[in-house]
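Spelled out, the chains give:
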Amino acid sequence: MAPTAALTDALLPVPSGQPVELSDVLLDNNPGELWLRFRFIAPKIGSTVGRIGYDVASTDMAHLCETLAVPYVNKHQLEPALVVISFSDRAIEFGNASPDATQFFEAYRLEQSQCIWEGL
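Below you will find a few notes about this structure. Everything numeric here is computed off the predicted structure, so don't read it as measured data.

What counts, and where the lines are drawn
- Residues numbered from 1 in each chain as written.
- Predicted model: local features only at pLDDT ≥ 70, side-chain atom pairs only at ≥ 80, totals over all residues.
- Heavy atoms only, no water.
- Helix = DSSP H or I, 4+ residues; strand = E, 2+ residues; numbered from the N terminus.
- Buried < 20%, exposed > 50% of the residue type's maximum accessible area, 1.4 Å probe, protein only.
- Polar contact = N/O pair within 3.5 Å; in protein donor to acceptor, adjacent residues only side chain to side chain.
- Contact = heavy atoms within 4.5 Å.
- Pairing = 2+ DSSP bridges.
- Core = buried A, V, L, I, M, F, W, Y, C linked by side-chain atoms within 4.5 Å.
- Salt bridge = Lys/Arg side-chain N within 4 Å of Asp/Glu carboxyl O.

1. Quick look at the side chain of D28
In step 1: Within the secondary structure, D28 is located in strand 1 (residues 21-28).
In step 2: In this structure D28 comes out as buried when scored by relative accessible area, which is 5%.
In step 3: Side-chain polar atoms of D28 contact the backbone nitrogen of N30, separated by 2.8 Å.
In step 4: Of the polar contacts made by the side chain of D28, one reaches the side chain of R37; its length is 2.9 Å.
In step 5: Ignoring anything within four residues of it in the chain, the contact list for D28 reads E33, L34, W35, R37 and F94.

Pasting the structure below:
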């Protein structure tokens, strides 16, 4: 199955209050099993003073797994091995390197409609 994309223009509410926008959803069988990838633009993330760091962003990613990924999986009757939530401070084409971009990733397995952190 080739990756597929779905786009939205709406900012999504997250616990930190930072602006987060869904850029695409990919169904990826390339790792040998179905990984459901939710890719977000989060322009305020980074490691410098005044930016949203990984510690805060990881809470936002867990929230998006529970509030966006779980309903998506249920609606589309999917059985992913992993759900990957990624934040990037700018748009990056999937699979392309962008050394100047800040990116954060979290992976979860779904059990009984709950996101369980995998810590890859």
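2. Section: the pairing of strand 1
In step 1: The buried fraction of strand 1 is high, at six of eight residues.
In step 2: Bridge analysis of strand 1 against strand 2 (residues 35-41) gives seven bridges, and the strand direction is antiparallel. Across the sheet, residue L27 finds its bridge partner in strand 2, namely L36.
In step 3: Count of turn residues in the strand 1/strand 2 antiparallel hairpin: six residues, of which G32 carries a positive phi of about 95 degrees.

3. Quick notes on the nonpolar core
In step 1: With 26 residues, the main nonpolar core has F38, F40, I85 and F87 as its most contacted residues.
In step 2: Counting residues per element, this core draws most heavily on helix 1 (residues 54-76), which supplies seven residues.
In step 3: Setting aside anything within four residues of it in sequence, one finds F87 in contact with Q18, V20, F40, A42, I45, A57, D60, M61, L64, T102, Q103 and F104.

4. What about the environment of L27?
In step 1: Relative to the assigned elements, L27 resides in strand 1.
In step 2: Taking the C-alpha atoms as reference points, L27 and G119, separated by 92 residues in sequence, lie 20 Å from one another.

5. Quick notes on the pattern of salt bridges
In step 1: With the rule as written, the count across this model stands at five salt bridges.
In step 2: With a shortest N-O distance of 3.2 Å, D24 and R39 are connected by a salt bridge. One end of the pair, D24, is in strand 1; the other, R39, is in strand 2, with 15 residues separating them in the sequence.
In step 3: Judged by relative accessible area, D24 falls into the buried class, the value being 11%.
In step 4: Through salt bridges with shared partners, a single network forms among R109, E111 and E118.

Functional significance is not addressed by these values, which are geometric in nature.
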